[in-house]
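Tertiary structure, described
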Amino acid sequence: MNESSGKDGKEGPSLAEQVGARAARKLKAQRNSTQGIWFGLGMMGLVGWSVAVPTLLGAALGLWLDSHYPGSHSWTLALLVGGLVLGCFNAWHWLSREDRAIHEEQEDKDA
């Protein structure tokens, strides 16, 4: 009985290889647990600032435009929402780049 063959007949990693790879990842995570905590806190700060700064800048610019060029629409509200959207895209960009770097590093160490 072959443990590594799937339904389609393709060969995959054996059970021992899968268990070994998982154990190695778990040991690596335990060794780097303090780095992971600081990394997580740093990412929370990065995400917070990358959303807050464009939002506040949009609100400030909107207040200035409303005081100098009053109109029927509120520049403050429009630019506040625009800054928030820009900040969310900025945070998404940073998080996706860090996630990609983590996965590439893990693949390099596993290979």
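Everything below is about the structure shown above.
Overview of the structure. Bear in mind the structure is a predicted one, so any value in this text is a computation, not a measurement.

1. Some remarks on the environment of Leu 84
- Mapping Leu 84 onto the fold places it in helix H3 (residues 75-110).
- Among the residues examined, Leu 84 registers a relative accessible area of 40% and is labelled partly exposed.
- When the C-alpha positions of Leu 84 and Ala 52 are compared, they lie 7.5 Å apart, and in sequence the two are 32 residues distant.
- Among residues more than four places away in sequence, those in contact with Leu 84 are Val 51 and Thr 55.

2. Section: a nonpolar patch on the surface
- Side chains of Leu 77, Leu 80, Val 81, Val 85, Phe 89 and Trp 92 sit close together on the surface and give an oily, nonpolar patch of about 620 Å² of accessible area.
- Tracing the backbone shows Trp 92 in helix H3.

The rules behind the values
Residues numbered from 1 in each chain as written. Predicted model: local features only at pLDDT ≥ 70, side-chain atom pairs only at ≥ 80, totals over all residues. Heavy atoms only, no water. Helix = DSSP H or I, 4+ residues; strand = E, 2+ residues; numbered from the N terminus. Buried < 20%, exposed > 50% of the residue type's maximum accessible area, 1.4 Å probe, protein only. Contact = heavy atoms within 4.5 Å. Patch = residues over 30% accessible without salt bridge, like charges linked within 9 Å, V, L, I, M, F, W, Y side chains within 5 Å. Areas by Shrake-Rupley, 256 points an atom, 1.4 Å probe, with all protein chains shown as cover. Salt bridge = Lys/Arg side-chain N within 4 Å of Asp/Glu carboxyl O.

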